Amino acid sequence: MKINEVIRAKRLELGMTQEQVATRLGVSTPAVNKWERGASYPDITLIPALARLLETDANTLLSFQEDITQEQNIAIQREVDRLVREESYDAGFRYAIDAMREYPACDQLACILTMYLDGALSLYGAFERESGDGGAESGIEQDGYRRAIDANYQRLALSAEPAVREMATGMLIAQAMQDENYAQAQELVDTLPDATPFAVDKEERQAAIYARTGRLSEAQSVWQRPVLRLSTDLQTALSSLVEIAIEQGRLDDAGEVARRCSSIMRLCDAPAWMSDASLFEVAAARRDAAVCFEVLEGMLQSIEGGSRAMVESVLYQGSDMADISDFAQHVVDFVLRDLRTNEKYAFLREDAAFACLASRAEAWSA
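Owing to the predicted nature of the structure, the values given are computational and were not obtained by experimental measurement. (Residues numbered from 1 in each chain as written. Predicted model: local features only at pLDDT ≥ 70, side-chain atom pairs only at ≥ 80, totals over all residues. Heavy atoms only, no water.)

Q: How do you make sense of the overall build of the protein chain when you look at a structure like this?
A: Within the protein chain, the secondary structure is distributed over 21 helices and zero strands. Relative to its 366 residues, the protein chain shows a buried fraction of 38%. The contacts in the protein chain between residues at least 6 apart in sequence include a share of 61% that link residues at least 24 apart. Of the accessible surface of the protein chain, which amounts to about 20700 Å², a share of 53% is contributed by carbon and sulfur atoms. (Helix = DSSP H or I, 4+ residues; strand = E, 2+ residues; numbered from the N terminus. Buried < 20%, exposed > 50% of the residue type's maximum accessible area, 1.4 Å probe, protein only. Contact = heavy atoms within 4.5 Å. Areas by Shrake-Rupley, 256 points an atom, 1.4 Å probe, with all protein chains shown as cover.)

Q: Please explain the pattern of salt bridges as it appears in this structure.
A: When the charged atoms of two side chains with opposite charge come close together, those side chains can pair. One pass over the full model with this rule turns up 18 salt bridges. Glu218 is the partner of Arg215 in a salt bridge, and the nearest nitrogen-oxygen pair spans 2.8 Å. By relative accessible area, which is 34% here, Glu218 ends up partly exposed. Residue Lys344 pairs with Glu281 through a salt bridge whose shortest N-O separation is 3.3 Å. Pair noted here: Lys344 is in the loop between helix 19 (324-341) and helix 20 (346-349) and Glu281 is in helix 16 (residues 277-285), with a separation of 63 residues, a long-range link. (Salt bridge = Lys/Arg side-chain N within 4 Å of Asp/Glu carboxyl O.)

Q: Can you help me understand the environment of Leu216 in this one?
A: Among the structural elements, Leu216 can be located in helix 13 (residues 216-247). Ignoring any residue separated from it by four or fewer positions in sequence, one finds Leu216 in contact with Tyr210 and Ala211.

Q: Just to check I follow, could you spell out the confidence of the model for the protein chain for this structure?
A: Any segment with low pLDDT has predicted coordinates that should not be analysed in fine detail. Looking at the protein chain as a whole, the pLDDT averages 82, with 83% of positions reaching at least 70. Throughout residues 126-140 the model reports pLDDT below 50, and contacts reaching past four residues in sequence, or to other chains, amount to 13 contacts. (pLDDT = per-residue confidence, 0-100.)

Q: Would you explain the environment of Phe347 in this entry?
A: Locating Phe347 in the fold gives a position in helix 20. For Phe347, a relative accessible area of 10% puts it in the buried group. Expressed as a C-alpha distance, the spacing of Phe347 and Ala289, which sit 58 residues apart in the sequence, is 7.7 Å. In this structure, Phe347 is in contact with Ala284, Arg287, Asp288, Ala289 and Cys292, ignoring residues within four places of it in sequence.

See the structure below:
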């Protein structure tokens, strides 16, 4: 039940009128009427008194229970993804916000949707801005999405659910780092506990239950998620070491770490467009155009040929990876845009091979 439904149900159980509730709380009768219709909410300072008056507790009053099934949760996530991919980022964004309002007590859903909207804003929202007619207006829209996403993270960082609270805090830290607001990032890091076992423990216990009750395919699916997550985390860590080594001028070290990153990710059946990005960065730092184009050629071929190795991998059998090719297309667009605008790749744009490779990439993603 939602808060307006709880207020009405508890009031009727006690045989009280809206006028009586209003009088006891020192508010107007129309205000209570609006609460019960869901048109507005009680001021937070009234919650303790309202809970006592209705002979309940604040958790029940505020609906701090999920009134959404797992099936509904997944269906909402899939619909947001479909709208973003097939219609527009704005359509998916609005649907997600409406879903969060419909289930205000479900922080887990809000967190998943907010993180999806955050990632999709880079991959999908950017292309809408480029192709739109609005120019500056589109930029304002982008800022509006960003503010709404950050506001959600800030709210979720205060969630009563530890896993949600830590994920939201982690995303706020990432945004602060992107904004180069390192003081704020440090403050947020200091709020985190030394260990964050919640999500991992839950996954392990759920997988054990599935396995013990004969639901082996579901147990397999649960264990595949950390495999994919850990391989992705390892790639992120190694890529970061490559970037640091490049910044410090240790190009030989950067090259060695990049080669190991590529080998490890290939063992995890990642396609070249995922595994070889660090090799390209090292070659670019060395201003070695020949190696840059060789690596880019391999990455493009892996995209053109699809990501069958990952989709069919024994590591991810049964996982839903149908959208990986769609994701690859947006990666191509993102990389092309970076190659065309980033000053550190200017030497590549001067090479005749660049126009040929860019033309092929554009043809593939068209």
